[in-house]
Amino acid sequence: MDTTSPTLVGDLRASTQRRTLIVVVTSQILGGAGLAAGVTVGALLTKEMLGSSRYAGLSSALFTLGSAAAALLVGRVSHRLGRRSGLSIGYLAGAAGGAGVVLAAVMDSLPLLFVSMFVYGSGTATNLQARYAGTDLAEASHRGRAVSTIMVATTFGAVAGPNLVEVMGDLADGWGIPVLAGPFILSSAAFAAAGMFLWAFLRPDPLRVARQLQSEPVGAGGEAPPEPDRETQRRGILVGATVMVVTQIVMVAIMTMTPIHMMDHGHGLGQTGMVIAIHVAAMFLPSPLTGMLADRYGRIPVVVAAGVTLLAAGILAALAPSDSVVLLSVALGLLGLGWNFGLISGTAILTDSTPLATRARTQGSVDLCIALAGAGGGIVSGMVVASSSFAVLSLGGGLIALALIPVLALNRRQAQAIPEPARAGTTS
């Protein structure tokens, strides 16, 4: 095949991108269901086994720390061997962790629970890392939409998962397994299915194809837009990483303690699962709109929207009466939406600013920082609630989100240096 032809290069890029999106979207539907257990009942299971809520956030911290380690590993493996290998290994590790959590609950073993929660975090990290696979071959003007296409697919599994918490609990009880371990059975199966599907069908590997096309000379009209200079790259990576780190801290801190807050005030697993399902839906379902806004109007306005939305979520969660499922649902919905704004705009900024040769490795390192930030949020959340209240935690989280705005103000040169999506590259 004569890859020196601009037309053939464009056709190869477009066809591989379409196949990549189809395969990764399918894996996200499967993997999304695996997110349910850690989000919905991880803290509850830890509280039950510890006999105290003071360190209930430890489970969230552990699987977030595990996701941090996995993010780095998946990034490094993807850099060396391609997205197919990195994502498949990450999902299968998450499946092993979920199975370990079930075994720990059966054996009433806290050490095994903690180790398994750490490994289980691999599935969460991989689910997020998959968004980068959609950007490898996307034109600069379509990166926001490419990320959003993959993220919205997660909605189908991630929303169904929390609503199956009660069903999986009943199933586990029938098998003689602790009720709160039931959702981890679903998680393990979902992560395993996603990993095997990616290994079988993510061919050709999008990152390898992108590198091959970049190394091929093309004729007039087929040139890629020039990459940013080194200083612009550095500042862009810093801005993109900061946006995603701040939104992750706020989201994890409030989300982790919401199930415990609800259970402590008499709500059942069904109501708790519904609120978390609304939260998860808001994390992923608005992605197409967010991606379109980031591509059409630029990344920075969407970052500002993230800060404002997270502040509103924190205020509403703090003021909502403990018996109001409706207001808590709205607050957690806004929390998910603010996270969605931050993650998509931050991912686009990071990808805009990172050269292809080091992109996967840099993305893994940034996701490591994001996961570590989330772990810190998970640990601190339990302590804040134990020493004060859920309202103080929620309001504090909302105020932290406002840090996004001065970050952008201090980096206004970077905001101007990032190419406007409508003018960057060509349309596909």
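Whatever comes next refers back to the structure up there.
Remember, predicted model here, so these are calculated numbers, not experimental data.

Reading the values: rules and limits
- Residues numbered from 1 in each chain as written.
- Predicted model: local features only at pLDDT ≥ 70, side-chain atom pairs only at ≥ 80, totals over all residues.
- Heavy atoms only, no water.
- Axes fitted to C-alpha atoms, helices over the stretch in contact; angles between N-to-C directions.
- Helix = DSSP H or I, 4+ residues; strand = E, 2+ residues; numbered from the N terminus.
- Parallel < 35°, antiparallel > 145°, perpendicular 65-115°, else oblique.
- Contact = heavy atoms within 4.5 Å.
- Nonpolar A, V, L, I, M, F, W, Y, C, P; charged D, E, K, R; others polar.
- Core = buried A, V, L, I, M, F, W, Y, C linked by side-chain atoms within 4.5 Å.
- Buried < 20%, exposed > 50% of the residue type's maximum accessible area, 1.4 Å probe, protein only.
- Salt bridge = Lys/Arg side-chain N within 4 Å of Asp/Glu carboxyl O.
- Patch = residues over 30% accessible without salt bridge, like charges linked within 9 Å, V, L, I, M, F, W, Y side chains within 5 Å.
- Areas by Shrake-Rupley, 256 points an atom, 1.4 Å probe, with all protein chains shown as cover.

Here we look at the packing of helix 13 (residues 287–297) against helix 14 (residues 299–319)
Piece 1. Where helix 13 meets helix 14, the closest approach of the two axes is 6 Å, and the angle between their N-to-C directions is 135°. In terms of orientation, helix 13 and helix 14 fall into the oblique class. Contacts between helix 13 and helix 14 involve Thr290, Leu293, Ala294, Asp295 and Tyr297 from the first element and Arg299, Pro301 and Val302 from the second.
Piece 2. Along the lines of polarity and charge, the residues of the contact of helix 13 with helix 14 split into five nonpolar, one polar and two charged.

What to know about the nonpolar core
Piece 1. Core analysis: the largest hydrophobic core is formed by 77 residues, its most contacted members being Leu45, Phe184, Leu335 and Trp339.
Piece 2. Broken down by element, the residue count for this core peaks at twelve residues, all from helix 11 (residues 230–264).
Piece 3. Aside from chain neighbours lying at most four places away, what touches Trp339 is Leu128, Met151, Thr247, Gln248, Met251, Met283, Phe284 and Leu310.
Piece 4. If you look at the next biggest cluster of nonpolar residues, it comprises eleven residues, including Val243, Val246, Ala306 and Leu404.

Focus: the environment of Pro406
Piece 1. Its place among the elements puts Pro406 in helix 18 (residues 404–410).
Piece 2. By relative accessible area, Pro406 is classed as partly exposed at 40%.

A closer look at the pattern of salt bridges
Piece 1. Under the criterion given, the structure shown has seven salt bridges.
Piece 2. Here Asp367 and Arg131 are joined by a salt bridge, their closest N and O atoms 3.1 Å apart. Residue Asp367 is found in helix 16 (residues 359–387), and its partner Arg131 is found in helix 6 (residues 110–133); the two are separated by 236 residues along the sequence.
Piece 3. Given the relative accessible area of 1%, Arg131 is considered buried.
Piece 4. Across the pair Asp295 and Arg299 runs a salt bridge, and its minimum N-O distance is 3.0 Å.
Piece 5. Look at Asp295 and you get buried, because its relative accessible area is 2%.
Piece 6. For Arg299, a relative accessible area of 3% translates into the label buried.
Piece 7. Salt bridges linked by common partners bring Arg143, Arg145, Asp295, Arg299 and Asp352 together as one network.

Digging into the environment of Ala95
Piece 1. With respect to the secondary-structure elements, Ala95 resides in helix 5 (residues 83–107).
Piece 2. Residue classification places Ala95 among the buried residues on the basis of a relative accessible area of 8%.
Piece 3. Between the C-alpha atoms of Ala95 and Ser122, which are 27 residues apart in sequence, the distance is 8.4 Å.
Piece 4. In this view, Ala95 contacts Ser188, Phe191 and Ala192; residues no more than four positions away in its chain are not counted.

With respect to a nonpolar patch on the surface
Piece 1. The grouping of Ile315, Leu319, Leu395 and Leu399 at the surface amounts to a nonpolar patch, some 380 Å² of accessible area in total.
Piece 2. Within the secondary structure, Leu319 is located in helix 14.

Some thoughts on the environment of Val366
Piece 1. Among the structural elements, Val366 can be located in helix 16.
Piece 2. Sequence separation between Val366 and Ile237 is 129 residues, and the spatial gap between their C-alpha atoms is 8.3 Å.
Piece 3. If we skip the residues at most four places from it in the chain, Val366 touches Ile237, Ala241, Met244 and Leu350.

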